[in-house]
Amino acid sequence: MSKINGSPDDIKEQRYRIAEPHDLSQRSKWLRDYYFKGNEREWYNQFMPFTTATDWDLIYEEGNMYIVPEAHLYLGNKGKGVFESCFRSMAIPIKLIENFWKLSLPERRIIFFEEAMLNYIPHEIISENDLIAGGRFQTQLSKCFTKKEAKKFWKKNLKTRKAVFEFHNSGFGNLGATGGHIISDYETIIKKGFKFIYEKARTRYDKLSRKEKQGVKGQELKAMIRATKIPKKLANKYAEECRRLKAEESTPERVEELEQMAKNLELVPWEPAKTFWQGVQALWLTHMLVMSEESYPGAGASFGRTDQYLWPLYEKDVIDEKNITKEFAKDILGSFWFHCNTVYDGQIMVGKQGINSGWGQLMTLSGCGPNSEDLTNELTYTILEVIDEWSPILEPKPNIRLHRNSPDKLLNKIIDMISRSQGAPFLLNFDERAIAGLLIEGIQKEEAWNYACVGCLENTMQGNDRSGTVNCNPNLAKSIELTLWNGKNMPGNFKKPWTKDGEQIGPKTGNPENFETWEEFWAAWKEQIKFIIKYTVDVYNMSETLRGEYIPTPYVSTLVRGCIEKGLDVRNGGPELRYITIEGVGFATTVDSLLAIKKLVYEDKKYTVTEVKEALMNDFEGYEVIQKVLKNKAPKYGNDNDEADELARKVMKLWADETWNYKTPTNFQYRPGMLSWNYWAGADARFTVATPDGRKTGIFLSNAICPTNGVDQKGPTAVTNSVGIALGGKTEDGEYMNFLPNGASHTITFNPSILRDPEHREKFKSYLKGYIENGGTSLQVNMLDAELLKDAQKHPENYQNLLVRVTGYNAYFTAIGKELQDEIIARESHRM
């Protein structure tokens with residue numbers, strides 16, 4: 001046991017060892033230590049709001065936060081909410097060009113963005129240890145509305161907000177058109193530069209007719225043309241700063257570094273990158289501008305298959321020509337790591353709590369090629385070393401793609417890294433199952449292999465796809481309540497002013513107390529789940545249409561193929577691939593509730609529907625025996641039980657198929673996925689009444705595609721098999737099926753003892769290989785001892801850097817709420 005520093009009275013024994021950074025170079029150690037100084041730093045990437053200085057100006061885009069119910073309280077009315085009021089009070093007025101208000105909205109937006117980034121935001125090199133330029137990007141930008149536009153926007157926005165809040169407060173989940181969650185076309189920027197994008201946009205504009213040039217397409221393309229030149233101008237600003245610092249520098253090594261940084265910035269990202277250093281610099285500058293334009297830093301804005309598109313530059317510089325050492329390449333990546341984590345600086349004034357969120361700048365590594373060959377390379381392993389040495393840290397979030405041909409060397413490295421962590425340092429994605437899902441949404445087989453992940457784990461294509469991967473999060477468990485009460489809320493379950501007691505919300509599907517067969521109940525449930533999907537679509541379309549009409553992003557549009565070609569914004573039908581994902585929440589809660597009714601009401605006739613409803617209305621108070629039977633005497637999903645897993649598959653297919661029936665007015669196709677984020681443990685759980693699986697009101701729902709906490713008693717292989725079957729299993733010919741092209745979050749907890757010796761590590765490797773064959777699309781591993789977590793609750797000062805996997809992201813255990821801490825402790829800890 002080790003001691004922490006402090007007075008004798010304050011000293012507590014730290015009973016458990018937690019992961020620590022190791023083997024960092026002097027430069028990388030300095031950057032990591034500097035980052036974790038938090039608000040004690042002399043520099044940090046704090047929010048910078050900018051305004052047109054009009055009375056009607058709007059700065060904060062509240063729609064981004066509709067999917068965060070905890071933030072609803074702060075949104076206020078017509079610019080009077082906490083967020084908008086604070087940003088307006090801080091906002092810096094930008095001097096507008098003479099004809100600004102005569103221009104179209106996309107042109108106004110991009111001119112305002114350019115002016116803020118080039119002439120108002122400081123261009124700083126963070127320290128003598130930094131090798132990558134691009135510091136401040138936390139903007140909150142004016143929406144650049146005219147007075148007339150602002151009036152129309154607010155009228156529509158308030159109507160949308162009311163519908164969104166009613167949806168949430170009625171227990172249906174949450175939704176809203178949210179930024180980020182996209183993989184921009186970074187590969188093209190690194191290989192061809194923004195000059196190529198500029199020429200493409202210019203050529204497309206020149207081909208327009210005179211009438212088209214004066215219309216919407218012309219306005220959009222003029223804004224995009226201007227956008228393509230911003231990165232070059234910004235890079236030149238940073239090059240000037242490098243040379244200014246060079247003139248003041250006395251150390252020859254740093255003088256040389258600053259000169260090379262300036263030369264890099266004079267080339268990229270306008271021209272193709274010629275070196276690994278330039279490639280990383282181009283990637284970061286392009287990426288930070290994505291976050292800046294959307295005023296939505298970090299969340300889901302992901303890098304794609306970084307080890308693939310940077311590999312030719314790394315191979316040339318480090319392996320073939322030996323222009324730089326591997327250690328210097330790791331220092332370049334270390335600077336990149338530092339900058340990625342400054343997305344949390346906007347919240348850093350509240351300390352560690354400000355850097356616990358899962359913003360999700362995902363980086364995809366390894367994976368298969370077009371012929372199922374493995375594409376792991378030396379850069380893959382170098383990046384894994386950086387991840388391992390910098391951990392625990394939150395960004396960027398690595399996703400490692402595994403498949404049948406993944407090499408043992410990679411699997412051994414993964415297991416070695418997991419053995420030293422608590423929350424998994426990465427997400428594991430499984431190609432065969434994931435690709436099967438992409439094929440059903442229409443991606444061609446010769447392209448689907450090149451997918452990557454955004455946000456937490458969501459599967460998309462790279463550079464031509466916007467899939468709104470977290471925008472719709474319906475509570476599937478609400479369908480049980482509606483079925484039991486014939487389309488109404490349970491008596492007494494209403495929340496003024498959003499719902500009324502006894503109000504008809506869903507369709508009338510009959511009083512289940514009169515149903516004589518399971519088939520009748522199942523038919524009624526099917527209609528209620530279809531209603532929930534339709535209700536989700538109807539409300540979400542309001543938010544999507546509003547954003548598409550009023551908040552264009554011309555810069556991001558230049559980085560998504562299809563937008564220039566169509567002359568349409570990325571938010572308004574421009575991308576080649578356009579999806580909005582409906583992420584089902586509370587899946588196992590729903591399945592287990594249906595299983596309990598099927599088994600105990602209709603098959604065993606142990607209880608009547610009336611008796612079950614009475615128990616639920618009383619939250620099992622006085623009905624503890626019924627609760628115990630419901631919990632323990634019905635089959636449960638997650639135990640490789642044929643009956644339970646077959647019903648899980650039917651439930652999954654039914655609601656997933658229903659999503660394909662709808663499109664947005666902006667021409668985005670709805671598709672299914674399963675990522676619960678925190679909703680199962682927070683907002684949705686609070687509004688979900690007691691359920692027939694024995695769960696009480698307000699208790700956590702099940703998490704994504706995971707079994708309900710505590711019911712998976714047959715071990716990790718059984719859970720894995722159940723997950724694979726729920727997603728569709730395999731065809732008779734052995735082909736993978738996957739009802740959820742967006743992917744499905746599966747978090748599993750193992751006891752650290754399973755990796756204590758080589759024999760157990762081999763067993764864990766076999767488990768991963770088995771997951772490839774029979775499991776789901778993604779796996780997130782916690783290596784946790786429940787006693788360690790309980791000790792961390794008692795002595796948080798000893799565990800400030802303890803990371804745990806929550807769902808699609810890691811978080812600092814001591815910085816999350818006690819309810820969520822308790823949920824993580826309660827998860828079944830498996831042994832091999």
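Rules behind the numbers
- Residues numbered from 1 in each chain as written.
- Predicted model: local features only at pLDDT ≥ 70, side-chain atom pairs only at ≥ 80, totals over all residues.
- Heavy atoms only, no water.
- Helix = DSSP H or I, 4+ residues; strand = E, 2+ residues; numbered from the N terminus.
- Rg over C-alpha atoms; globule rule 2.2 N^0.38 Å.
- Buried < 20%, exposed > 50% of the residue type's maximum accessible area, 1.4 Å probe, protein only.
- Contact = heavy atoms within 4.5 Å.
- Lys, Arg positive; Asp, Glu negative; His and termini not counted.
- Charge placed at Lys NZ, Arg CZ, Asp CG, Glu CD.
- Pairing = 2+ DSSP bridges.
- Phe/Tyr/Trp six-rings, centres within 6.5 Å; stacked < 30°, edge-to-face > 60°.
- Expected span 1.5 Å × (residues − 1).
- Axes fitted to C-alpha atoms, helices over the stretch in contact; angles between N-to-C directions.
- Parallel < 35°, antiparallel > 145°, perpendicular 65-115°, else oblique.
- Left-handed = near helix turned anticlockwise from the far one by under 90°.
- Nonpolar A, V, L, I, M, F, W, Y, C, P; charged D, E, K, R; others polar.
- Salt bridge = Lys/Arg side-chain N within 4 Å of Asp/Glu carboxyl O.
- Polar contact = N/O pair within 3.5 Å; in protein donor to acceptor, adjacent residues only side chain to side chain.
- pLDDT = per-residue confidence, 0-100.
- Core = buried A, V, L, I, M, F, W, Y, C linked by side-chain atoms within 4.5 Å.
- Patch = residues over 30% accessible without salt bridge, like charges linked within 9 Å, V, L, I, M, F, W, Y side chains within 5 Å.
- Areas by Shrake-Rupley, 256 points an atom, 1.4 Å probe, with all protein chains shown as cover.

This brings us to the overall build of the chain. Looking only at helices and strands, the chain has 29 helices and 23 strands in total. Over its C-alpha atoms the chain spans a radius of gyration of 27 Å, differing by no more than 12% from the 28 Å that the globule rule assigns to 832 residues. Viewed in the frame of its principal axes, the chain has a C-alpha envelope of about 85 × 65 × 65 Å. Looking at the chain as a whole, 65% of its 832 residues are labelled buried. The long-range fraction of contacts in the chain, counting pairs at least 24 apart against all pairs at least 6 apart in sequence, stands at 78%. Of the side-chain charges in the chain, 109 are positive and 113 negative, and the distance between the mean point of each set is 5 Å.

What follows concerns the sheet that holds strand β3 (residues 48-51). Read from one edge to the other, the open sheet built from three strands follows the order β4-β3-β5, with strand pairing classed as parallel. If you trace the sheet from one side to the other, it starts and ends with β4 (92-93) and β5 (139-141), each paired once.

With that settled, the discussion passes to the side chain of S543. Residue placement: S543 occurs in helix α18 (residues 518-550). Of the residues examined, S543 reaches a relative accessible area of 5% and is grouped as buried. Setting aside anything within four residues of it in sequence, one finds S543 in contact with Y66, T160, G176 and A177.

Moving on, we come to the packing of aromatic side chains. If you walk through the whole model with that rule in mind, you get 45 aromatic pairs. When the centroid spacing of 5.8 Å and the interplanar angle of 75° are considered together, the rings of F153 and W154 count as edge-to-face. Per residue, the accessibility class of F153 equals that of W154, and both read buried. On the numbers, 6.2 Å between centres and 70° between planes, the contact of Y767 with Y771 is edge-to-face.

As a further point, take helix α9 (residues 276-294). For α9, built from 19 residues, the straight-helix expectation of 27 Å at 1.5 Å per residue is met to within 8% by its first-to-last C-alpha distance of 28 Å. By the criterion of burial, α9 is predominantly enclosed, with 19 of the 19 residues buried. A positive phi of about 50° marks S295, the residue just after α9.

Below, the discussion takes up the pairing of strand β18 (residues 669-673). Counting buried positions along β18 gives five out of five residues, so the element sits mostly inside the fold. Side chains Q669, R671 and G673 of β18 all project onto a buried face; the interleaved residues Y670 and P672 project onto the opposite face, where all are buried too.

What follows deals with the packing of helix α5 (residues 186-206) against helix α7 (residues 216-248). At a minimum axis separation of 9 Å, α5 and α7 run at an interaxial angle of 160°. Judged by the inter-axis angle, α5 sits roughly antiparallel to α7. Along this stretch, α5 crosses α7, giving a crossing that reads as left-handed. Two secondary-structure elements touch here, α5 through F194, I197, Y198, A201, R202, R204 and Y205 and α7 through K217, G218, L221, K222, I225, T228, K229 and P231. Each residue belonging to the contact of α5 with α7 can be placed in one class, and the counts come to eight nonpolar, two polar and five charged.

With that settled, consider the pattern of salt bridges. Side chains bearing opposite charge may pair, as long as their charged atoms lie close to each other. In this structure the tally under the stated criterion is 56 salt bridges. The partner of R27 in a salt bridge is D331, with the nearest N and O atoms 3.5 Å apart. Of this pair, R27 sits in helix α1 (residues 26-35) while D331 sits in helix α12 (residues 326-341), and the two are 304 residues apart along the sequence. Neither residue differs from the other here; R27 and D331 are each classed as buried. Here K200 and E565 are joined by a salt bridge, their closest N and O atoms 3.2 Å apart.

A separate point is the side chain of T688. With respect to the helices, strands and loops of the structure, T688 is situated in the loop between α25 (683-686) and α26 (716-726). A relative accessible area of 4% means that T688 is categorised as buried. In terms of polar contacts, T688 uses its side chain to reach the backbone carbonyl oxygen of D684, at 2.6 Å. In contact with T688, other than residues within four places in its own chain, are N475, A477, R695, T697, G698 and L701.

Next up on the list: the confidence of the model for the chain. Low-confidence regions, as indicated by low pLDDT, have predicted coordinates that should not be scrutinised in detail. Per-residue confidence for the chain averages 92 on the pLDDT scale, and 94% of its residues sit at or above 70. Within the model, the stretch residues 1-12 combines pLDDT values under 50 with 18 contacts to residues more than four positions away or in other chains.

Strand β17 (residues 577-583) sits mainly inside the fold: seven of its seven residues count as buried. Bridging between strand β15 (residues 465-466) and β17 involves two bridges; their strand directions are parallel. Across the sheet, residue R466 finds its bridge partner in β17, namely R578.

Okay, the nonpolar core next. Soluble globular proteins tend to bury their nonpolar side chains together. Counting residues in hydrophobic clusters, the biggest one holds 257 residues, and the most contacted among them are F276, W337, Y555, F587, M652, M674 and F764. It is α18 that provides the largest number of residues to this core, a total of 15 residues. With residues up to four places along the chain from it excluded, the contact list for W337 reads M363, I383, V386, I387, W390, I393, E395 and P396. L362, A434, I435 and W449 belong to the second largest nonpolar core, which has 13 residues in total.

On the surface, L73, Y74 and V82 cluster together into a nonpolar patch covering about 310 Å² of accessible area. Y74 gets classed as partly exposed once you look at its relative accessible area, which sits at 36%.

Among the surface-exposed residues, K147, K151, K155 and K159 lie close enough to one another that they form a single positively charged patch. Its location among the elements puts K147 in helix α4 (residues 147-169). For K147, a relative accessible area of 58% gives the class exposed.

Given a rise of 1.5 Å per residue, 12 residues ought to cover 16 Å, and the 16 Å separating the end C-alpha atoms of helix α14 (residues 408-419) matches this to within 8%. What α14 keeps buried is the set L410, L411, K413, I414, I415, M417 and I418. Buried residues along α14 sit against β10 (362-366), α13 (378-390), β11 (397-402), β12 (427-430), α27 (758-774) and β20 (778-783).

For the pair helix α3 (residues 105-119) and α7, interaxial distance at closest approach is 9 Å and the crossing angle is 5°. For the element pair α3 / α7, the angle class is roughly parallel. Of α7, the residues touching α3 (which contributes P106, E107, I110, I111, F113, E114, M117, L118 and N119) are Q219, E220, K222, A223, R226, A227, I230, K233, L234 and K237. Residues of the contact of α3 with α7, tallied by class, amount to 10 nonpolar, two polar and seven charged.

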